[in-house]
Amino acid sequence: MNPTIALVNKTLNPESKHPSFRPGDNITVSYKISEGNKERIQEFRGDVIQLNGQGTTKTFTVRKMANGVGVERVFPLLSPFVDEIIVNKVGRVRRAKLYYQRDRTGKASRITEKRQAIEQ
Amino acid sequence: MKGLIGKKAGMTSVFIDGKHMGVTVIDVTGNQVSQLKTEEKDGYTAVQLAYDEKREKSVNAAEAGHFKRAGVAPKRKLVEFRDFDFEKKEGETVGTEIFAEGEKISVIGISKGKGFQGVVKRHGFSGVGMATHGQHDRQRAPGSIGASSDPSRVLKGMRMAGRMGGDRIKTLNVKIVKILAEENLVLVNGSVPGAIGSYIVLEGR
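Keep in mind it's a predicted model, so treat the numbers as computed, not measured.

(A) How the structure looks around the interface of chain B and chain A. Listed by partner, the interface residues are 16 residues for chain B and 16 residues for chain A. Overall, the association of chain B and chain A removes approximately 1200 Å² of surface from exposure, summing both partners, and the carbon and sulfur fraction of that is 72%. Linking chain B to chain A there are 0 salt bridges. Taken together, the connections running from chain B to chain A amount to 3 residue pairs in polar contact (both at pLDDT 80 or more). Those elements that place two or more of their residues in the side of chain B that touches chain A are strand 1 (3-16), strand 2 (19-27), strand 10 (168-180) and strand 11 (185-189) of chain B. Tallied by class, the residues present in the side of chain B that touches chain A amount to 9 nonpolar, 5 polar and 2 charged.

Structure below.
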């Protein structure tokens, strides 16, 4: 990358402060919403079905079922409105893009949890 | 008027006040006043800025004298700004301080050369529009370029195929998103005419 551009990216765009997560993980995203001059935080919990882009344009898509309807939301990872990300479950998946989840509902759409060693 | 000369460093995107926007980074390091034009001597007032140093070896005698008189190291690009807003002396350095964040400016660059292009790309003609129904293989042809024996010639200025790009383009109302004063960088919203590394003139109002 051009050194000047790299410098601009370094000074103006901070690194992600969130924990790392991958497609298949179940996460809760706290998103700041400003209504008028008030600000409140909305939570969106679901499975990450894809990570997209790189650098400042990196985004991730979270999918959840709401009242029997699939809802997907795309968040820019570095957006200042993304307040907090909590990783609830780490999933075991074999693909980077879980588009197949769109065709599945109910039990079939479950993602197996990854078995991990417990840190002492 | 006020202005600076710079070089297009490239594009990136930044979050400003929660908004994600594409920006062009322009490097304006080392603008120096190389000449002051005055009413008495030249018939108008202007400030001539010099930008981008060049080697002594590639400076001819006339240029060398011009730069020496102002006390400026030889530079490649010279641009005049009429009725400059600030009092400047010859040899003085001009930087990003003349602009403010959020200000709207004009940006001038030389657009990328596109070579010999047809009318569809060059003038936005819509082409023939049909590939079937007996249409022969000329989907991007210009069609008729005039009438018959009256006027018996093609009118001047008829839009046809030809060299495209490489023109001086002035984009108006470009917003300055951010100024990095220490690094001498100006970030403007959106794209700017020209290739990376080409000269860009920033013109205030």
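Don't stop here, the text continues.
(B) Inspection of a positive patch on the surface at higher detail. On the surface, a cluster of positive charge is made up of Arg 22, Arg 92, Arg 94, Arg 95 and Lys 114 of chain A. Inspection of the secondary structure assignment puts Arg 22 of chain A in the loop between helix 1 (3-12) and strand 1 (26-35).

(C) Here's a closer look at the domain arrangement of chain B. Residues and elements named next belong to chain B. In terms of domain boundaries, chain B breaks down into domain 1 (3-116 + 168-203) and domain 2 (117-145 + 157-164). Of note, the centres of domain 1 and domain 2, computed from C-alpha atoms alone, are 39 Å apart. At the interface, 4 residues of domain 1 touch 7 residues of domain 2. A buried area of about 450 Å², summed over both sides, lies between domain 1 and domain 2, and 58% of it is on carbon and sulfur atoms. Taken together, domain 1 and domain 2 are joined by 0 salt bridges. The interface formed by domain 1 and domain 2 contains 4 residue pairs in polar contact (both at pLDDT 80 or more).

(D) Structural view of the side chain of Gln 35 of chain B. Within the secondary structure layout, Gln 35 of chain B lies in strand 3 (residues 31-37). For Gln 35 of chain B, the residues in contact, after removing those within four places along its chain, are Ala 46, Val 47, Gln 48, His 66, Arg 69 and Glu 90 of chain B.

(E) Quick peek at the nonpolar core. Residues and elements named next belong to chain B. Counting 26 residues, the largest nonpolar core has Leu 4, Leu 49, Phe 99, Val 188 and Leu 202 as its most contacted members. If you list the elements that add at least two residues to this core, you get strand 1, strand 4 (46-53), strand 5 (75-82), strand 7 (104-110), strand 10, strand 11 and strand 12 (199-203). The contact partners of Phe 99, leaving out residues within four places of it in the chain, are Lys 2, Gly 3, Leu 4, Ile 105, Ile 176, Ile 179, Leu 202 and Gly 204.

(F) Inspection of a nonpolar patch on the surface at higher detail. Residues and elements named next belong to chain B. Taken together, the side chains of Ile 145, Val 154, Leu 155, Met 158 and Met 160 make up a nonpolar region of the molecular surface, amounting to roughly 370 Å² of accessible area. Its location among the elements puts Met 160 in the loop between helix 3 (119-123) and strand 9 (162-164). Residue classification places Met 160 among the partly exposed positions, given a relative accessible area of 35%.

(G) Molecular detail of the pattern of salt bridges. In the structure shown here, the tally under the stated rule is 13 salt bridges over all chains. For Glu 35 of chain A, the salt bridge is made with Arg 40 of chain A, and the minimal N-O distance between the two is 3.2 Å. Among the ionic pairs, Lys 2 of chain B bridges to Glu 103 of chain B, the shortest N-O distance being 3.0 Å. Taken together, the residues Lys 2 of chain B in the segment before strand 1 and Glu 103 of chain B in the loop between strand 6 (93-94) and strand 7 connect sequence positions 101 residues apart. In this structure, Lys 2 of chain B and Glu 103 of chain B share a single accessibility class: buried.

(H) Inspection of the sheet that holds strand 5 of chain B at higher detail. All names here are of chain B. Within the open sheet, the 4 strands sit side by side as 5-4-3-6. Their pairing is antiparallel. Only two strands of the sheet have a single neighbouring strand rather than two, namely strand 5 and strand 6. With 2 bridges connecting them, strand 3 and strand 6 associate as antiparallel partners. Counted as the bridge partner of Gln 32 is Thr 93 from strand 6. Each of strand 3, strand 4 and strand 5 is contacted by helix 2 (residues 61-70), which is oriented at about 95° to strand 3, the strand it contacts most.

(I) Inspection of the pairing of strand 1 of chain A at higher detail. All names here are of chain A. With respect to burial, strand 1 is a largely interior element, 7 of its 10 residues being buried. Inspection of the sheet shows strand 1 paired to strand 5 (residues 82-89) by 6 bridges, in the antiparallel sense. Considered in strand 5, the bridge of Val 29 is made with Ile 85. Here strand 1 hands over to strand 2 (residues 38-52) after 2 residues, with Gly 36 in that stretch at a positive phi of 65°.

Rules and cut-offs
Residues numbered from 1 in each chain as written. Chains lettered and ligands numbered in written order. Predicted model: local features only at pLDDT ≥ 70, side-chain atom pairs only at ≥ 80, totals over all residues. Heavy atoms only, no water. Contact = heavy atoms within 4.5 Å. Buried area = accessible area lost by both parts, 1.4 Å probe. Salt bridge = Lys/Arg side-chain N within 4 Å of Asp/Glu carboxyl O. Polar contact = N/O pair within 3.5 Å; in protein donor to acceptor, adjacent residues only side chain to side chain. Helix = DSSP H or I, 4+ residues; strand = E, 2+ residues; numbered from the N terminus. Nonpolar A, V, L, I, M, F, W, Y, C, P; charged D, E, K, R; others polar. Patch = residues over 30% accessible without salt bridge, like charges linked within 9 Å, V, L, I, M, F, W, Y side chains within 5 Å. Areas by Shrake-Rupley, 256 points an atom, 1.4 Å probe, with all protein chains shown as cover. Lys, Arg positive; Asp, Glu negative; His and termini not counted. Charge placed at Lys NZ, Arg CZ, Asp CG, Glu CD. Domains from an automatic or database assignment. Core = buried A, V, L, I, M, F, W, Y, C linked by side-chain atoms within 4.5 Å. Buried < 20%, exposed > 50% of the residue type's maximum accessible area, 1.4 Å probe, protein only. Pairing = 2+ DSSP bridges. Axes fitted to C-alpha atoms, helices over the stretch in contact; angles between N-to-C directions.

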